[in-house]
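Letter by letter, the chains look like this.
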Amino acid sequence: MKQETKNARLTWKQHLVLASLLFGLFFGAGNLIFPIHLGQIAGPNWFPAAVGFILSAILLPLFSIFALSLTKSSSMYELVLPVGRIFSLLFLMAAHGSMGLLIGSPRLATVTFTMGVQPFVPKAWLPIALFLFSGCFFALIIALAYRQTSIIKSVGQILNPLFVTLLIMLFFVAFIINGDLTKLPLVSQPGQGTPSIISGFLEGYNTMDALAGLGFGVTIIAAMRVYLKQKQPPALEVVKVGMSAMGFEALIYVSLIALGALSLSYGKVSPDGGTAFTQIMQHYTGFLGAALLAALTFLACLTTAVGVLTSFAQDLGNRFPNIGYHKFLLGANLIAFIIANFGLEQIIAFSAPILSLLYPIAITVILLGLLNRWIGQNVVFYRVTVTLVMGPACLDFFHTLPPVLHQFKLVQSLDRWSLLHIPWFSIGLDFIPFMVGGLALSALIVVGQHCLANQRN
């Protein structure tokens, strides 16, 4: 028994490697550009915006890992299973499809190209350059992830420390050497704190980390099995690793948002986070900024792309063993490569409605998992609550459609009706009253069922 207890705990070196792995899987190029752009938009209100961003980009993915641990689910599929097998499979495919195929991985490749390669390529050569770069990018992912156990070494021990070193160098130059920390506005403008918190919360959707947390849970559990030689690692060890990784990520987010706010002192609000980050790097590092930016972006994107595509192949490989991990890995990279060549602008335009549909469902499932001690995996709570949340999630999907699709009269009419009749629709949090109502209604149904059962007995 003593030997089993000893083996059930990670050493500090193993903990550090796994925390580094988890951080590397979460933190990609989107995690660089979105907080910086948020800092520019928020300006003097950067701190309340950072609070909102931390809630959705740090706490939600951290809670998703906790939910997997508390319910002893080895995958996203098992966590959602109480809703129903068909729904669980569809949600698994939609979440992993958006992260690994439709949005996440193609965006990682195109952001890397836009920020690190495009400035050095003539405009006429951009299509062929993107084709060649994205081909090499996804080929490298296959090489790193082909052996599932090798992800611990390739991401946790090599790529991620290099990325962190480059990022810390940027913060040191900006805040210490240049002394810009003293220029950071500390007081928000009166009356604008709450909107900044909400905008920060919604901006956190773009990181896709709540969905990624549900997907990366299986990757972390698989990595822990290598160390602990156990089928189900202790929940406490998973929680410790998650808190270490996400706590460090929170510090980086706050620093990036602060950099965005500071950039207004020497420039204007940029059209997107990629442009903003390029300008910031050039401001602090001069001629070497472009080269450092290319290396930083490449490492950030590569580590996250390895994570999302590996977890996609692992989860679906477990569900469809006849196809297996390696075929899913090859197929996912091929599809992501094709989508990446449509360009970053198109990928971002169509990501908003997909995330607006999936995020309320993911938040609901995570909350139900956190309540496991009191409700277990009771199908009434899961099915009633998720069903009610599906309504506002679908309304948000139509509301965030790109202009080319949002111009249809039916969509605009649906928008006007929702604005008049759905609480919190205008601020994008309309799913919360339905989620709370679903929990209350489920509790009444369960209590009613219990009372009826007692009367019959």
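This is a predicted model, so every value here is computed, not measured.

A. Representation of the overall build of the protein within the structure. When its secondary structure is counted, the protein shows 22 helices and zero strands. Radius of gyration (C-alpha) of the protein: 22 Å, near the 23 Å computed for a compact globule of 457 residues. Considered along the principal axes of its C-alpha atoms, the protein spans approximately 80 × 60 × 45 Å. Buried residues in the protein amount to 54% of all 457 residues. Sequence-distant contacts, at least 24 apart, represent 82% of the contacts inside the protein between residues at least 6 apart. With an accessible surface of roughly 20500 Å², the protein has 70% of that area assigned to carbon and sulfur atoms.

B. Expanded view of the packing of aromatic side chains. Scanning the model with the defined rule gives 18 aromatic pairs in all. For the pair F23 and F248, a centre-to-centre distance of 5.3 Å together with 55 degrees between the ring planes defines the contact as tilted. Of this pair, F23 sits in helix α2 (residues 12-26) while F248 sits in helix α12 (residues 235-262), and the two are 225 residues apart along the sequence. Ring centres of Y266 and Y284 lie 6.1 Å apart, and the angle between their planes is 85 degrees; this geometry places the pair in the edge-to-face category. On the criterion of sequence distance, the pair formed by Y266 in the loop between α12 and α13 (273-285) and Y284 in helix α13 is long-range, its members being 18 residues apart. Judged by its relative accessible area of 30%, Y266 is partly exposed. What links up through ring pairs into an aromatic cluster is the set F23, F27, F53, F248 and Y253. Positioned above the aromatic ring of Y77, the side-chain terminus of R319 is 4.1 Å from the ring centre.

C. Looking closely at the packing of helix α7 (residues 104-116) against helix α15 (residues 325-340). Two elements in contact, α7 and α15, have axes whose closest approach is 8 Å; the angle formed by their N-to-C orientations is 55 degrees. Viewed along their axes, α7 and α15 adopt a mutual orientation that is oblique. Between α7 and α15 the crossing geometry is right-handed. In this structure, α7 contributes S105, P106, A109 and T110 to the contact, and α15 contributes A336, I339 and A340. When its residues are assigned to classes, the contact of α7 with α15 shows five nonpolar, two polar and no charged.

Reading guide: rules and limits
Residues numbered from 1 in each chain as written. Predicted model: local features only at pLDDT ≥ 70, side-chain atom pairs only at ≥ 80, totals over all residues. Heavy atoms only, no water. Helix = DSSP H or I, 4+ residues; strand = E, 2+ residues; numbered from the N terminus. Rg over C-alpha atoms; globule rule 2.2 N^0.38 Å. Buried < 20%, exposed > 50% of the residue type's maximum accessible area, 1.4 Å probe, protein only. Contact = heavy atoms within 4.5 Å. Areas by Shrake-Rupley, 256 points an atom, 1.4 Å probe, with all protein chains shown as cover. Phe/Tyr/Trp six-rings, centres within 6.5 Å; stacked < 30°, edge-to-face > 60°. Lys NZ or Arg CZ within 6 Å of the ring centre and 35° of its normal. Axes fitted to C-alpha atoms, helices over the stretch in contact; angles between N-to-C directions. Parallel < 35°, antiparallel > 145°, perpendicular 65-115°, else oblique. Left-handed = near helix turned anticlockwise from the far one by under 90°. Nonpolar A, V, L, I, M, F, W, Y, C, P; charged D, E, K, R; others polar.

By themselves, these are just geometric observations and shouldn't be taken as functional.
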